[in-house]
Amino acid sequence: MAEINPRIHESWKGVLSDEFVKPYFGELKLFLLEEKKRYAVYPPGSSIFEAFNRTPFDKVKVVLLGQDPYHGPGQAHGLCFSVPDGIAFPPSLQNILREIQTDLGYPYPASGNLSKWADQGVLLLNATLTVRANGAGSHQGRGWEDFTDAVIKKLSENREHLVFLLWGKYAQNKKQIIDQSKHYILEAPHPSPLSVYRGFFGCRHFSLTNQLLIQHSIAPINWQLE
């Protein structure tokens, strides 16, 4: 098996070291090497583990779970729902920012880069960490879900009072691996245009998250991006 040295924060390396030597992870790496020979793959290799590098294991307060990285050029940079500065906002991100406007009264930002959230302890985790260009879901079922499920389990087992934001049925299926006696789960429909009016708008998850953190003397998240 090829040696695997993910560019991932030391705090996560320690927690996830067992995963990196499992057969599925070796197979995943070989799959990615073959994909990159034939297609553009997003995000760039240096950004695949950006969520972990921005948010060390012991600093996580909130887990926001997405499904796939964006599959258009320049969009994905390793944080779910986020885009780099200067990139147009995809529809789901537009709706997330509108809900923040309604919930907290913050102005609509000029950038959709959510790195500021990650730096405060919001783990912006996609269930699948890579995608083929213009191929939504193209890297599902290749091993990433095993890895990110392990991430969720480790957080559930070893941390307390985390807030998990589960938007849409795909994310909500992860409830079974979260210890709800130790953590909080906030559920809403996905913020995509197809479902945003079924209850995502008005969910107030940003203010509710902060209320839950404050209950445990944990510093709240500043959701304002400007």
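Our subject is the structure that appears above.
Before going into details, it helps to say that this report is about the structure given with it. (Residues numbered from 1 in each chain as written. Predicted model: local features only at pLDDT ≥ 70, side-chain atom pairs only at ≥ 80, totals over all residues. Heavy atoms only, no water.)

Here we come to the overall build of the chain. A tally of regular secondary structure across the chain gives 8 helices and 6 strands. Moving toward the C terminus, one meets the helices and strands of the chain in the order α-α-β-α-β-α-α-β-β-α-β-α-β-α. Relative to its length of 226 residues, the chain is compact, with a C-alpha radius of gyration of 17 Å against a globular reference of 17 Å. By principal-axis analysis of the C-alpha atoms, the chain measures approximately 50 × 35 × 30 Å. (Helix = DSSP H or I, 4+ residues; strand = E, 2+ residues; numbered from the N terminus. Rg over C-alpha atoms; globule rule 2.2 N^0.38 Å.)

Along the chain, Ser47 falls in the loop between β1 (41-42) and α3 (50-54). Residue Ser47 is classed as buried on the basis of its relative accessible area, which comes to 15%. Once residues within four sequence positions are removed from consideration, Ser47 is found in contact with His77 and Gly78. (Buried < 20%, exposed > 50% of the residue type's maximum accessible area, 1.4 Å probe, protein only. Contact = heavy atoms within 4.5 Å.)

This part takes up the packing of helix α1 (residues 10-20) against helix α6 (residues 144-158). One way to put it is that α1 packs onto α6 with a least axis distance of 10 Å and a crossing angle of 135 degrees. Here α6 runs oblique to α1, going by the angle between their axes. Judged by the sense of rotation from one axis to the other, the crossing of α1 with α6 is right-handed. Counting all contacts with α1, which are made through Trp12, Val15, Leu16, Glu19 and Phe20, the residues of α6 involved are Asp146, Phe147, Ala150, Val151, Lys154 and Leu155. (Axes fitted to C-alpha atoms, helices over the stretch in contact; angles between N-to-C directions. Parallel < 35°, antiparallel > 145°, perpendicular 65-115°, else oblique. Left-handed = near helix turned anticlockwise from the far one by under 90°.)

Turning our eyes to something else, we now look at the packing of aromatic side chains. Counted under the stated rule, the structure contains 21 aromatic pairs. Ring geometry for Phe200 against Phe201: centres 6.4 Å apart, planes inclined by 55 degrees, an arrangement best described as tilted. The ring of Tyr39 is capped by Arg132, whose NZ or CZ atom sits 4.0 Å from the centre of that ring. (Phe/Tyr/Trp six-rings, centres within 6.5 Å; stacked < 30°, edge-to-face > 60°. Lys NZ or Arg CZ within 6 Å of the ring centre and 35° of its normal.)

If you look at the biggest cluster of nonpolar residues, it comprises 64 residues, and the most contacted ones within it are Trp12, Trp117 and Phe147. Every residue in contact with Phe147, bar those within four places of it in the chain, is listed here: Ile8, Leu16, Glu19, Phe20, Tyr24, Phe25, Phe49, Phe52 and Leu129. (Core = buried A, V, L, I, M, F, W, Y, C linked by side-chain atoms within 4.5 Å.)

Looking now at α1. Along α1, the positions that sit buried rather than exposed are Trp12, Val15, Leu16, Glu19 and Phe20. Buried positions in α1, seen along its axis, are confined to an arc of 150 degrees and lie on one side of it. Along α1, exposed side chains directed more than 90 degrees from the buried face belong to Glu10 and Gly14. (Arc of directions from axis to C-beta.)

It is worth stressing that arrangement in space is one thing and function is another; only the former is reported here.
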